Amino acid sequence: MSGESPLEDTEDADFVRPFIITGGRAEPLQADLRLETLVVAVGVPDETLAFERRHIVAVCERPTTVAEVADRVGVPLGVAKVLISDLVVAGQLACRQPAELPLQMLERIRDHVRAL
């Protein structure tokens, strides 16, 4: 016996390590992604995309901040940045840096970051 309880085995099976999702990469291809960067889908999600990437494109149907994407998809912020960057390079997402954020947006970002 390994000494692990069935509950621990289930938790391990349900958890996907972040480096597996990103293919072992920790740095995004696009270095200018910030928490407040707005990303939006370009068209519909490509059916050949892996689960997390397809989910991100669906979440970005309307302009969404990088921080919100990480929260809604349920991945760490660094993982979200790598995946979003990949999707921008692939032409699935477009991003833009807002010149100035309204107070309401800043408060939403703060709340989402706290939730992470």
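Reading the values: the criteria
Residues numbered from 1 in each chain as written. Predicted model: local features only at pLDDT ≥ 70, side-chain atom pairs only at ≥ 80, totals over all residues. Heavy atoms only, no water. Salt bridge = Lys/Arg side-chain N within 4 Å of Asp/Glu carboxyl O. Helix = DSSP H or I, 4+ residues; strand = E, 2+ residues; numbered from the N terminus. Buried < 20%, exposed > 50% of the residue type's maximum accessible area, 1.4 Å probe, protein only. Pairing = 2+ DSSP bridges. 1 Å grid on protein atoms, 1.4 Å probe; cavity = no way out; pocket = protein on both sides within 12 Å on 5 of 7 lines; lining within 4 Å. Points joined across faces, edges and corners; volume = space filled by probe spheres on them. Nonpolar A, V, L, I, M, F, W, Y, C, P; charged D, E, K, R; others polar. Axes fitted to C-alpha atoms, helices over the stretch in contact; angles between N-to-C directions. Parallel < 35°, antiparallel > 145°, perpendicular 65-115°, else oblique. Left-handed = near helix turned anticlockwise from the far one by under 90°. Contact = heavy atoms within 4.5 Å.

## Observations regarding the pattern of salt bridges
Next up, step 1: One pass over the full model with this rule turns up four salt bridges.
Next up, step 2: A salt bridge links Arg53 to Asp86; the shortest N-O distance between them is 3.1 Å. Linking Arg53 in helix H3 (residues 51-59) with Asp86 in helix H5 (residues 77-89), this pair joins segments that are 33 residues apart in sequence.
Next up, step 3: On the accessibility criterion, Arg53 (18% relative accessible area) is buried.
Next up, step 4: The class of Asp86 is buried, set by a relative accessible area of 14%.
Next up, step 5: The salt bridge partner of Arg110 is Asp111, with a shortest N-O separation of 3.2 Å.
Next up, step 6: Note on Arg110: relative accessible area 39%, which makes it partly exposed.

## Quick look at the sheet that holds strand S1 (residues 38-41)
Next up, step 1: One open sheet holds the three strands; their spatial order is S2-S1-S3, and the pairing between them is antiparallel. Only two strands of the sheet have a single neighbouring strand rather than two, namely strand S2 (64-65) and strand S3 (93-96).
Next up, step 2: In terms of strand pairing, S1 meets S3 through four bridges, oriented antiparallel. Paired with Ala41 across the two strands is Leu93, which belongs to S3.

## Details of the layout of surface pockets
It is the rolling of a water-molecule-sized probe over the atoms that shows where space remains empty.
Next up, step 1: There is about 150 Å³ of room inside the largest pocket.
Next up, step 2: Contributing to the lining of the largest pocket are Ala58, Val59, Glu61, Arg62, Pro63, Thr64, Glu68, Arg72, Met105 and Arg108.
Next up, step 3: Sorting the residues of the lining of the largest pocket by element identifies H3, helix H4 (66-73) and helix H6 (103-115) as the ones contributing at least two each.
Next up, step 4: Class assignment for the residues of the lining of the largest pocket results in four nonpolar, one polar and five charged.

## Observations concerning H4
Next up, step 1: Buried residues dominate H4, accounting for six of its eight residues.
Next up, step 2: Those residues of H4 not exposed but buried are Val66, Ala67, Glu68, Val69, Ala70 and Val73.
Next up, step 3: Directly after H4, the chain includes Gly74, whose backbone phi takes a positive value near 80 degrees.

## Points about the packing of H3 against H4
Next up, step 1: Following both chains from N to C, one finds H3 and H4 inclined at 125 degrees, their axes separated by 10 Å at the closest point. Compared by their axis directions, H3 and H4 come out oblique. The chirality of how H3 crosses H4 is right-handed. Note on element contacts: H4 touches H3 through Val69, Arg72 and Val73, opposite His55, Ile56 and Val59.

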